[in-house]
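Spelled out from the first residue to the last, the chains are:
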Amino acid sequence: MTSSHSSSPVPRPSSSDGLFRKDKDPNSRQYKPARSLPDVCPMEPTDPRGMCEGPSVVADQHRWTVYNSKVNLPAALNDPRLAKRESDFFTKSWGLDFVDTEVMPSFYLPNITKEHFASYLHEINQREKVHEQCKNICPTKDELNSVSNITNNHDKSRTALDQVPKIFMKPDFALDDPVTFNAVLPWSHFSVAGGKGSRDVASSRLLQEKLSHYLDVVEVNIAHQISLRSEAFFHAMSSQHELQDHLRETARAVAELRERTAAMDRVMCEGPLRALRLGISRGNCVRLHSKLKLMAAVHQTQPTVQLLLSTSEFVGALELIATTQEVLQQELQGIHSFRHLGSQLCEMEKLIDKMMVADFTTYIRSDLSRPLEEDTQMLEKDRLESLVFGLLRQRKLDFLEIFSEEMILAAKGIVKQCVVNAVSHIEEIDAEVVVKLADQMRLMTFPQWFELLKTVFTSFILFLKRIKATLNVIRNIVLEVLDGNQRNRLAEAAAAAEAATETADAEVETSLCRDSELAYLTHEGMFISDAFNEPEQQPGGEPRTSRPTTACSSDSASGTTESSSSREQATPPFTRGPGMANEDMMPSDLELSRVASNIQELLYKASDVSHDRCVKFLMARAKDGSLERLSSSEFVCLSQEVESFMYNTEELCCRRSVSLRGALQSQANRFVHRFHDERKTKLSLLLDNERWKQADVPAEFQDLVNSIADGQITLPEKKPTAIEERKPSDYLIVDEQKYAVVGTVLLLIRIFLEYCQCVNDIPSITTDMLTRLCDLLKHFNSRSCQLVLGAGALQVVGLKTITTKNLALASRCLQLVVHFIPIIRAHFETKLQPKQYNILRHFDHITKDYNDHIAEISAKLVAIMDSLFEKMLSKYEVKAPMPSVCFRNLCKQMTKMHEAIYDLLPEEQTQMLFLRINASFKFHLKRQLARFGVINDGGPQHGLVMVDIAFYTGNVQALKSLEKLDLNLGEIWEQKR
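What you see is a predicted model, and the numbers here were worked out from it, not measured in a lab.

1. Some points on the overall build of the protein chain
Phase 1 of the analysis: Within the protein chain, the regular secondary structure consists of 29 helices and four strands.
Phase 2 of the analysis: Of all 977 residues assigned to the protein chain, the portion counted as buried reaches 36%.
Phase 3 of the analysis: For the protein chain, the exposed surface amounts to about 57,400 Å²; the carbon and sulfur share of it is 56%.

2. Here's the deal with the packing of aromatic side chains
Phase 1 of the analysis: Counted by the stated rule, this structure contains 17 aromatic pairs.
Phase 2 of the analysis: Their ring planes at 45° and their centres at 5.4 Å tell us that phenylalanine 168 and phenylalanine 173 sit as a pair that is tilted.
Phase 3 of the analysis: You can call phenylalanine 173 partly exposed: its relative accessible area is 29%.
Phase 4 of the analysis: Relative to phenylalanine 671, the ring of phenylalanine 635 has its centre 4.4 Å away and its plane inclined at 10°; by these criteria the two rings are stacked. Pair noted here: phenylalanine 635 is in helix α18 (residues 632-653) and phenylalanine 671 is in helix α19 (residues 659-688), with a separation of 36 residues, a long-range link. Here phenylalanine 635 matches phenylalanine 671 in class, with each residue buried.
Phase 5 of the analysis: An aromatic cluster of three or more residues is present, and its members are Phe869, Tyr876, Phe887, Phe921 and Tyr952.
Phase 6 of the analysis: Across the ring face of tyrosine 739, the terminal group of arginine 812 is positioned such that the distance to the ring centre comes to 3.9 Å.

3. So, the pattern of salt bridges
Phase 1 of the analysis: In total, this model carries 21 salt bridges according to the counting rule given.
Phase 2 of the analysis: Across the pair arginine 252 and glutamate 256 runs a salt bridge, and its minimum N-O distance is 3.7 Å. Of this pair, arginine 252 and glutamate 256 both sit in helix α6 (residues 230-299), separated by four residues, roughly a single helical turn.
Phase 3 of the analysis: Its relative accessible area of 47% is what places arginine 252 among the partly exposed residues.
Phase 4 of the analysis: Where glutamate 678 meets arginine 679, a salt bridge forms, and the shortest distance between an N and an O atom there is 3.2 Å.
Phase 5 of the analysis: A relative accessible area of 16% places arginine 679 in the buried class.
Phase 6 of the analysis: Connected through shared salt-bridge partners, Arg674, Glu678, Arg679 and Glu754 make up one network.

4. Let's talk about the environment of glutamine 815
Phase 1 of the analysis: With respect to the secondary-structure elements, glutamine 815 resides in helix α25 (residues 804-831).
Phase 2 of the analysis: Along the sequence, glutamine 815 and asparagine 851 sit 36 residues apart, while their C-alpha atoms lie 7.9 Å from each other.

5. Digging into the side chain of arginine 475
Phase 1 of the analysis: For arginine 475, the location among the structural elements is in helix α13 (residues 446-515).
Phase 2 of the analysis: Here arginine 475 occupies a buried position and makes no salt bridge, while the nearest side chain of opposite charge, glutamate 601, is found at 10 Å.
Phase 3 of the analysis: Engagement of the side chain of arginine 475 in a polar contact is seen with the side chain of glutamine 600, the distance being 3.0 Å.
Phase 4 of the analysis: If sequence neighbours within four positions are ignored, arginine 475 has contacts with Ile599 and Gln600.

6. Re the packing of helix α23 (residues 766-787) against α25
Phase 1 of the analysis: At their nearest, the axes of α23 and α25 sit 11 Å apart, and the two run at 170° to each other. Between α23 and α25, the crossing angle belongs to the class labelled roughly antiparallel. Contacts between α23 and α25 involve Thr766, Met769, Leu770, Leu773, Leu777, Phe780, Asn781 and Ser784 from the first element and Leu814, Val817, Ile821, Ile824, Phe828 and Lys831 from the second.
Phase 2 of the analysis: In the contact of α23 with α25, the residues fall into ten nonpolar, three polar and one charged.

7. As for unusual backbone geometry
Excluding glycine, residues mostly carry a negative phi; peptide bonds, for their part, are mostly trans.
Phase 1 of the analysis: Alanine 880 connects to proline 881 through a cis peptide bond whose omega is 5°.
Phase 2 of the analysis: Structurally, the position occupied by proline 881 is in the loop between α26 (841-873) and α27 (885-902).
Phase 3 of the analysis: Here the residue pair methionine 882 and proline 883 is connected by a cis peptide bond, since its omega of -5° sits within 30 degrees of zero.
Phase 4 of the analysis: As for its placement among the helices and strands, proline 883 is situated in the loop between α26 and α27.

8. Observations concerning the packing of α25 against α27
Phase 1 of the analysis: Running from amino to carboxyl end, α25 crosses α27 at an angle of 35°, the nearest separation of the two axes being 8 Å. The two elements α25 and α27 cross, and the hand of that crossing is right-handed. In this structure, α25 uses Thr804, Lys805 and Ala808 to contact α27, whose residues at the interface are Met897, Ala900 and Ile901.
Phase 2 of the analysis: For the contact of α25 with α27, the per-class residue count stands at four nonpolar, one polar and one charged.

9. A few points about the nonpolar core
Phase 1 of the analysis: Formed by 195 residues in total, the largest nonpolar core has its most connected members in Phe360, Trp449, Phe463, Ile749 and Phe828.
Phase 2 of the analysis: Take this core: its biggest share by element is 19 residues, from α13.

10. Things to note about the environment of alanine 411
Phase 1 of the analysis: You can see alanine 411 is positioned in helix α11 (residues 399-424).
Phase 2 of the analysis: We classify alanine 411 as buried; its relative accessible area is 0%.
Phase 3 of the analysis: Along the primary structure alanine 411 and leucine 464 are separated by 53 residues, whereas in three dimensions their C-alpha atoms are 9.7 Å apart.
Phase 4 of the analysis: Ignoring any residue separated from it by four or fewer positions in sequence, one finds alanine 411 in contact with Phe460, Phe463, Val609 and Arg613.

11. With respect to the state of the cysteines
Phase 1 of the analysis: Summed over all chains, the structure comprises zero disulfides.
Phase 2 of the analysis: Left unpaired, cysteine 418 is separated from the closest cysteine sulfur, that of cysteine 614, by 9.5 Å.
Phase 3 of the analysis: When its relative accessible area of 9% is taken as the criterion, cysteine 418 is described as buried.

12. Regarding the confidence of the model for the protein chain
Phase 1 of the analysis: Per-residue confidence for the protein chain gives a mean pLDDT of 77; residues scoring 70 or more make up 76%.
Phase 2 of the analysis: Segment residues 1-52: pLDDT under 50, and 95 contacts once partners within four positions in sequence are set aside and those in other chains are kept.
Phase 3 of the analysis: Across residues 515-583, confidence stays below pLDDT 50; counting only partners more than four residues off in sequence or on other chains, it has 118 contacts.

13. Side note on a nonpolar patch on the surface
Phase 1 of the analysis: On the surface, a nonpolar cluster with roughly 410 Å² of combined accessible area is contributed by Ile112, Phe117, Tyr120 and Leu121.
Phase 2 of the analysis: Of note, leucine 121 is situated in helix α2 (residues 118-137).

Quick notes on the rules
Counting from 1, residues in each chain are numbered in the order their sequence is written. The predicted nature of this model means local features are confined to residues of pLDDT at least 70 and side-chain atom pairs, given and counted, to a pLDDT of 80 or more, with totals for whole chains, interfaces and linings taken over all residues. Neither water nor hydrogens contribute to the side-chain values; these are computed over all heavy atoms in the structure. Helical segments are the DSSP runs of H or I of at least four residues, strand segments are the runs of E of at least two, and each set is numbered from the N terminus. Each residue is assigned to one of three classes by its accessible area relative to the maximum for its type, calculated with a 1.4 Å probe on protein chains only: buried under 20%, partly exposed between the two thresholds, exposed over 50%. Only the protein chains shown count as cover for residues, and all accessible areas are computed by the Shrake-Rupley method using a 1.4 Å probe. Pairs were defined over the aromatic rings of Phe, Tyr and Trp, the Trp ring being its six-membered one, requiring ring centres within 6.5 Å. Orientation was assigned from the angle between planes: stacked under 30 degrees, edge-to-face over 60, tilted for the rest. Two conditions define a charge sitting above a ring: the NZ of Lys or the CZ of Arg must be within 6 Å of the ring centre, and it must be within 35 degrees of the ring normal. When a carboxyl oxygen of Asp or Glu is within 4 Å of a side-chain nitrogen of Lys or Arg, the pair counts as a salt bridge. Asp and Glu count as negative and Lys and Arg as positive, but His and the ends of the chain are not part of the count. Contacts described as polar in this section are N or O atom pairs within 3.5 Å, which, within protein, must combine one atom able to donate a hydrogen with one able to accept it, while residues neighboring in sequence count only if both atoms come from side chains. Residue contacts are counted whenever heavy atoms from the two residues lie within 4.5 Å of one another. Only the stretch in contact is used when fitting a helix axis, every axis being a line fitted to C-alpha atoms; angles between N-to-C directions are given from 0 to 180 degrees. Roughly parallel means an angle under 35 degrees; roughly antiparallel, over 145; roughly perpendicular, 65 to 115; everything else is oblique. Note that Gly is not counted as nonpolar here; it falls among the polar residues with everything else outside the nonpolar set of Ala, Val, Leu, Ile, Met, Phe, Trp, Tyr, Cys and Pro and the charged set of Asp, Glu, Lys and Arg. By definition, any crossing whose near helix is turned counterclockwise from its far helix by less than a right angle is left-handed, and any crossing with a clockwise turn is right-handed. Think of a nonpolar core as a cluster: buried Ala, Val, Leu, Ile, Met, Phe, Trp, Tyr and Cys residues, connected wherever their side-chain atoms sit within 4.5 Å. Disulfide assignment relies on a single distance test, namely cysteine sulfur atoms paired within 2.5 Å. Scored from 0 to 100, pLDDT reflects the predictor's confidence in each residue. Residues enter a patch when their relative accessible area is above 30% and they make no salt bridge; the linking distance is 9 Å between like charges and 5 Å between nonpolar side chains (Val, Leu, Ile, Met, Phe, Trp, Tyr).

So, in structure tokens, the structure goes:
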């Protein structure tokens, strides 16, 4: 159905995307400035009509436009481009991209809510309930009649339609289908031969009447259905006419509104909008003037940079270049006359980088090469700070490598200069004959070389102090830059937060103000809202345009620099924070932290380089083995001097260098090897000449043992006069115990004290010296075992036999050494690191070996008596006279044994030894009595045996310290079963 009326013009969107966009969130009631209508044109248009996208509904309302075109209503309602059919008639032709937005409420109409109808609903509610109840209970007569009529008519129509075959009701009914055609018009009713009989004619007429009847039934049903819906159809038609009347009235009202709007535009808008355009034009002119003045200031950059470089003001020149490049990129971008200035400034910046690197190299070389005797620690500190800051600013972080190279060269020169100065004062060395410095050093005597070593150490200490002072200045600059970066970030964050707060407040004020005014007015593309925004943007932009005005009045370098600084300070916080000009050039916090750590590593390297040069100095002297031939006192002096130098460098640089320590350790190992070989050879000679007789103990050795007991593990000072007045003693008193010793043990005590003294003087050789001392103690134990228990002294010294006295004396000497082993262990433990304590287990092994050796000697003494008992008791006979000869000889041998060991072993050991001897005696006597069949029966033989036992008991208990010895001789009798 085609509408007889033209559709009313619908306002079309005219923004860049062709849409009116509204906020989808109904809760956000913040109204943004309204966007342009279809006749909106850009700001300051040159042609008021040429820039429009379509005809104006206001200016063109009296002429024909595309909005006057006829629109087919079904086509509008059935847009095939739509993905779904919309229920709203007025949005059918507005496109797929239309977005519903919230309609701004009217300021003149009250907001009607449900509460306004509360009183009415309360009054009518009860009546409505009564009405509904009556309506449900008693239906009306018309409803009853209509229901019955509808039911009857429906039944009749259904009965009539049932007469029509179902094939006619199929949706795919088509007579061109042979099957369908044959079903409707069967060929059996027609003659095949072509002739028409009366029967065929009757069949055809009957079929025709039947089809006509079907057609009448269908037409009757169709007419009936139309009659049922006639009221709704005519109602729709009448509604369509009413709708057309309303549309005509609406079109007339819209035309009147457009005329009033056009009049309002002519009277109220053209003048103000023209004033706004002129204001914008004036602002553009002011900005242009500011740009020109800024260009004049930038034009003076190159002469100013050259002037700064002539005075070595690298930082100022870099700041000026960076500021100019920033201005070119941000505010003067695209200026044709400055198209080459950026590349020229980059080339100048590269030149400045090379100049700073060369100047820094010259400064470091001159600072490290000047005489070490000068008192000043720093050379032109301000110059160094300026160079370092410039290098950091340009990210030239490899300047520390230059410092490292110059430092190594200076360290080499220090050793050479010290050697040359020392050789020049020694007349015995001819520098013309001996050219090499190493050869000259080897020709020096040890005192001369030792003084040279002290001078080298002192020079390197001063050298490290100078390097540390320089690196401290560099580190302070790096930390200052790092701290400045952190402060800048905090300031930027604070400024951004403040700007965000101010912006939010301004938006709130603007929205409140505009809610009460006209949303937008249009004239040649200018929004009133845009005009409102221009004054707001102008204050933020005004300082930008006026910044160079005051700064560019001078063509000097200071004027240009002040221009850049004032421009940075005047920049709003939300566009550039403080220090933003340098933020892109300055290294990051991670890089600055890495530079700071590299500075510390460079100080460590300086310490290592100094130690390496000293190692080469030592190795040059030790090449011919002269350091190995030093006496103990000379090597101790050398070691103490090296240890002092290492301590000073470690305290100065907080670095424990290992090269010099390793070289000293190597020389110390050679010294220890020679030291140990001399002592071990000496001990071997003493043992080979030892006759294992008790020696007198000189007073100096007693004093030595007393000092050890007092905790002084060192060699005492010699006092010859006092020693001559004192006589030697028979025993060595240790912890109130008497030790009968041989001369070799006394010298052994002095030898291991010499080992301890070396450890005190040279702590670095503690582990090596401990191993050597353990080897010495093992050697003494094994060699003494070979000489005494192994009877080696018979051939080496020429002893006739190894007596029990020799065995007891050897045992006592071993016990004395075992007594001192824990003291030696405790002393070495104080010199070792905790992780080295496992090496102390060697002392435990040595103690065990010594105790085993002592036990073997005791077993040997018991074995001597055991063999004697076995030999004598095998001839024992139980017969008179009593005591028997066998027991008399046994008691005599027991007395000799006691006399041999009593003065050598303490009472406890003597008693334990005789208890073991007594046990051996009981074993052999019990076996002999069992062989004779003598039992404890009180008979004559038993009585004779008891007489011998009493004689044996009396003789043994008569010996010194054995009076209370429990012999327990009752065990010799067999137990009665």
